[in-house]
Amino acid sequence: MKAAVLKSQQEAPTQQLGIEEVPRPQLVPGHLLLRVLACGVCRTDLHIVERDLPPLRQHLIPGHQIVGEVVAGESKESPIGSRVGVSWMGGVDGDCWYCRHQMENLCDQPVFTGYTVDGGYAEYALARTDFTFPLPGALDDIHVAPLLCAGIIGFRSLRVAGVQPGERVGLFGFGSSASLTIAVLQSWKCEVFVATRGVFHRKLAESLGATWVGSENEKPPVELDRAITFAPSGDVVVSALACLRKGGVVAINAIHLDRMPPFNYDKLLWGERVIRSVANMTRADARDFLKIARDIGIRPQVTVFPLAQANDALHAIKLESINGAAVIVP
Ligand SMILES: [Zn+2]
Ligand SMILES: [Zn+2]
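Residues numbered from 1 in each chain as written. Chains lettered and ligands numbered in written order. Predicted model: local features only at pLDDT ≥ 70, side-chain atom pairs only at ≥ 80, totals over all residues. Heavy atoms only, no water.

Draft legend 1. Geometry of the sheet that holds strand E2 (residues 18-21). Strand order in the open sheet formed by 3 strands is E2-E1-E4, with antiparallel pairing between adjacent strands. Whereas interior strands pair on both sides, the edge strands pair on one side only; in this sheet they are E2 and strand E4 (59-60). Note: strand E1 (residues 2-7) against E4, 2 bridges, orientation antiparallel. Bridged to Leu6 within E4 is Leu60. (Pairing = 2+ DSSP bridges. Helix = DSSP H or I, 4+ residues; strand = E, 2+ residues; numbered from the N terminus.)

Draft legend 2. Quick look at the coordination of the zinc ion (ligand 1). For the zinc ion (ligand 1), the full set of protein donor atoms is Asp93 (OD), Cys96 (SG), Cys99 (SG) and Cys107 (SG), and the range of their distances to it is 2.0 to 2.3 Å. One can describe the donor arrangement at the zinc ion (ligand 1) as tetrahedral, given that its 4 donor atoms subtend angles of 95 to 117° at the metal. Residue Cys96 is classed as buried on the basis of its relative accessible area of 8%. (Donors = N, O, S within 2.8 Å, 3.2 Å for Na, K, Ca; no water. Tetrahedral: all angles 85-135°; square planar, octahedral: opposite > 155°, others 65-115°. Buried < 20%, exposed > 50% of the residue type's maximum accessible area, 1.4 Å probe, protein only.)

Draft legend 3. Seen up close, the coordination of the zinc ion (ligand 2). Note on the zinc ion (ligand 2): its protein donors are Cys42 (SG), His64 (NE2) and Cys149 (SG). The metal-donor distances range over 2.0 to 2.2 Å. Along the chain, the residues donating to the zinc ion (ligand 2) fall in the pattern C-x21-H-x84-C. Highlighted residues: Cys42 in the loop between strand E3 (31-41) and helix H1 (43-49) and His64 in the loop between E4 and strand E5 (66-72), separated in sequence by 22 residues. For the pair Cys42 and His64, one class covers both residues: buried.

Draft legend 4. The arrangement of the pairing of E5 in detail. Of all the 7 residues making up E5, 5 are buried; the element is thus mostly covered by neighbouring parts of the structure. Two strands pair when backbone bridges link them, and E3 and E5 are joined in this way by 6 bridges, in the antiparallel orientation. What sits directly across from Cys39, in E5, is Ile66. Relative to strand E6 (residues 83-86), E5 runs antiparallel, the two being bridged by 4 bridges. Bridging from a neighbouring strand, Gly68 pairs with Val84 of E6.

Draft legend 5. Representation of the packing of helix H4 (residues 150-161) against helix H5 (residues 176-187) within the structure. Interaxial distance between H4 and H5 falls to 8 Å at its minimum, and their mutual angle equals 55°. The angle between H4 and H5 falls in the class oblique. Where H4 crosses over H5, the handedness of that crossing is right-handed. Across the interface between the two elements, Ala150, Gly151, Gly154, Phe155 and Leu158 of H4 pack against Ser176, Ser177, Leu180, Thr181, Val184 and Leu185 of H5. (Axes fitted to C-alpha atoms, helices over the stretch in contact; angles between N-to-C directions. Parallel < 35°, antiparallel > 145°, perpendicular 65-115°, else oblique. Left-handed = near helix turned anticlockwise from the far one by under 90°. Contact = heavy atoms within 4.5 Å.)

Draft legend 6. Just the pattern of salt bridges, in detail. As enumerated under the stated definition, the model contains 21 salt bridges in all. A salt bridge links Lys318 to Glu50, with the shortest nitrogen-to-oxygen separation between them at 2.7 Å. Taken together, the residues span a long stretch of sequence, with Lys318 in helix H10 (residues 310-319) and Glu50 in the loop between H1 and E4 at a distance of 268 residues. On the basis of relative accessible area, Lys318 is assigned to the partly exposed category, the value being 42%. On the accessibility criterion, Glu50 (30% relative accessible area) is partly exposed. (Salt bridge = Lys/Arg side-chain N within 4 Å of Asp/Glu carboxyl O.)

Draft legend 7. Layout of the packing of aromatic side chains. Enumeration over the complete set of coordinates arrives at 5 aromatic pairs. Residues Trp88 and Tyr115 carry aromatic rings whose centres are separated by 6.0 Å and whose planes lie at 20° to one another, so their mutual orientation is stacked. Of this pair, Trp88 sits in the loop between E6 and strand E7 (89-91) while Tyr115 sits in the loop between strand E8 (111-112) and strand E9 (124-128), placing them 27 residues apart in sequence. What makes Trp88 buried here is its relative accessible area of 3%. Arranged with centres 6.4 Å apart and planes meeting at 55°, the rings of Phe155 and Trp188 form a pair that is tilted. Placement of the pair is Phe155 in helix H4 and Trp188 in the loop between H5 and strand E12 (191-195), with a sequence separation of 33 residues. (Phe/Tyr/Trp six-rings, centres within 6.5 Å; stacked < 30°, edge-to-face > 60°.)

Draft legend 8. Focus on the sheet that holds strand E16 (residues 274-277). The strand order across the open sheet formed by 6 strands is E13-E12-E11-E14-E15-E16, and the pairing between neighbours is parallel. The two strands at the open ends of the sheet, each matched to only one other strand, are strand E13 (212-214) and E16. Direction aside, the axes of adjacent strands within the sheet are offset by 15° on average. Relative to strand E14 (residues 224-229), strand E11 (residues 168-172) is paired through 4 bridges, and the arrangement is parallel. Residue Leu171 lies in a different strand from E14, and its bridge partner there is Ile228. Each of E11, E14, strand E15 (244-252) and E16 is contacted by helix H7 (residues 234-241), which is oriented at about 155° to E15, the strand it contacts most.

Below you can see the structure in the form of structure tokens.
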């Protein structure tokens, strides 16, 4: 099969995916063999390719927003020919302290799709059956793909931030994940304040009905109850913190930050303000979000790239040169 492969011995600055012919994965018990229909491109993929996250394998097929058709290893929930989604969480051990306390997102022995195991930048992929999700029929393959990480982890960020209906919520950065989150917030009757760089992203936020839209240096006109940051930048976290009311929460939706700058504790964190990171996702997050996405009819904006142009898709994410999400189609 054709796949986009990352080789860890390559030098970092020239790090590129090679489009190669590789063996099709073999079915093993407890797994589904999927024909990949589409695979979303996430900023985490870029962090993996650029080694902001340490390489774990010599050869790796990235991609963790997989829409696949079951071709072998069917289960009761997902028969042959049905369509399932695979996300970043590809498996857990099930018996560490975190797994036993409903925090499987923090598992000590996690499997990450497209990082610890091969992912979906390929014609076929293997996924643990109990970490696949039947997909709502309303959305086609390319539009459902970005829901599988950008959507689910965006949704988890709202949970981690403790968002309540009707609250004032700030979104700092407005890429794929934020643009999916805004629809959920609107369904909860929240007021949404978007601060982001790039005229492109500000226009998108306006068109999606944000209450207020400003540049990354502007402050919303009111104090916020919650804020979620989507940029891999510590400066953005501090900007978000500066917009909170007492007792407010900043949730950081980023697997990697450039650095965390020093900031004024007395002014910014005192008053029981909270900074929390958002790590991975649980299967419950995935199922709950996919249900909400179906109920409120979330339809992301996407730009499609053929598998042979996987590097261009990553480049577009890096430059933020497309609105919404990039999706690879084999
Ligand atoms: Zn565990
Ligand atoms: Zn992701």
